[in-house]
Amino acid sequence: MAGERKAKPDLVSRDYTIHLAKRVHKTTFKAKTPRAIKQIKKFAQDAMGTKDVRIGTDVNKYVWAQGVRNPPKRIRVRLSRKRNEDEDAEEKLYTLVQLVEVSTFKGLQTENVDSA
């Protein structure tokens with residue numbers, strides 16, 4: 001029993017708040033927003049367990065909206081693990097990162113979303 005692992009559900013969606021400020025702290029100005037994008041990808045890889053992470057255009061525009069030197073402090077994203085349509089891909093699953101618009105980040109927790 002100790003060595004057995006339960007299989008993760010294949011297709012799942014969750015809402016996360018990513019604190020970008022702590023992930024790009026002590027980074028030179030011209031590298032802040034590119035680093036923020038890389039950190040979002042890294043967060044998605046760790047949270048969903050897939051190497052293939054695709055960032056939606058809405059997330060990219062939101063992060064880049066204030067320029068290269070000033071990415072947003074926090075971002076609320078929906079991470080969805082989906083099946084890869086490409087037959088000869090190395091990974092069977094990929095993660096799609098989508099923006100979730102919120103008025104405030106206060107008191108938000110990670111939530112499972114019904115992908116209906």
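Our subject is the structure listed above.
The text that follows walks through the structure, step by step, so that each part is easy to find.

About the thresholds
Residues numbered from 1 in each chain as written. Predicted model: local features only at pLDDT ≥ 70, side-chain atom pairs only at ≥ 80, totals over all residues. Heavy atoms only, no water. Helix = DSSP H or I, 4+ residues; strand = E, 2+ residues; numbered from the N terminus. Buried < 20%, exposed > 50% of the residue type's maximum accessible area, 1.4 Å probe, protein only. Areas by Shrake-Rupley, 256 points an atom, 1.4 Å probe, with all protein chains shown as cover. Lys, Arg positive; Asp, Glu negative; His and termini not counted. Charge placed at Lys NZ, Arg CZ, Asp CG, Glu CD. Phe/Tyr/Trp six-rings, centres within 6.5 Å; stacked < 30°, edge-to-face > 60°. Pairing = 2+ DSSP bridges.

## Examining the overall build of the protein chain
Moving on, step 1. Assigned secondary structure in the protein chain consists of three helices and five strands.
Moving on, step 2. Going from the N terminus to the C terminus, the protein chain shows its helices and strands as β-α-α-β-α-β-β-β.
Moving on, step 3. Burial statistics for the protein chain: of 116 residues in total, 33% are counted as buried.
Moving on, step 4. Roughly 8200 Å² of accessible area belongs to the protein chain as shown, and the carbon and sulfur atoms make up 47% of that amount.
Moving on, step 5. Charge-centre separation for the protein chain: the mean point of 26 positive side chains lies 13 Å from the mean point of 15 negative side chains.

## So, the packing of aromatic side chains
How two aromatic rings sit relative to each other is given by the distance of their centres and the angle of their planes.
Moving on, step 1. Per the counting criterion, the structure on display carries one aromatic pair.
Moving on, step 2. Seen from their ring centres, Tyr16 and Phe43 are 5.3 Å apart, and the 80° between their planes marks the pair as edge-to-face. A residue pair is termed long-range when its members are at least 10 positions apart, and Tyr16 in strand β1 (residues 12-19) and Phe43 in helix α2 (residues 32-48) qualify at 27 residues.
Moving on, step 3. For Phe43, a relative accessible area of 17% gives the class buried.

## With respect to the pairing of β1
Moving on, step 1. Judged from the eight bridges that link them, β1 and strand β3 (residues 74-83) form a sheet pairing that is antiparallel. Looking across to β3, one finds that His19 is bridged to Arg74.
Moving on, step 2. Direction of pairing for β1 relative to strand β5 (residues 111-113): antiparallel, over a ladder of three bridges. Bridge assignment links Arg14 to a residue of β5, and that residue is Asn112.

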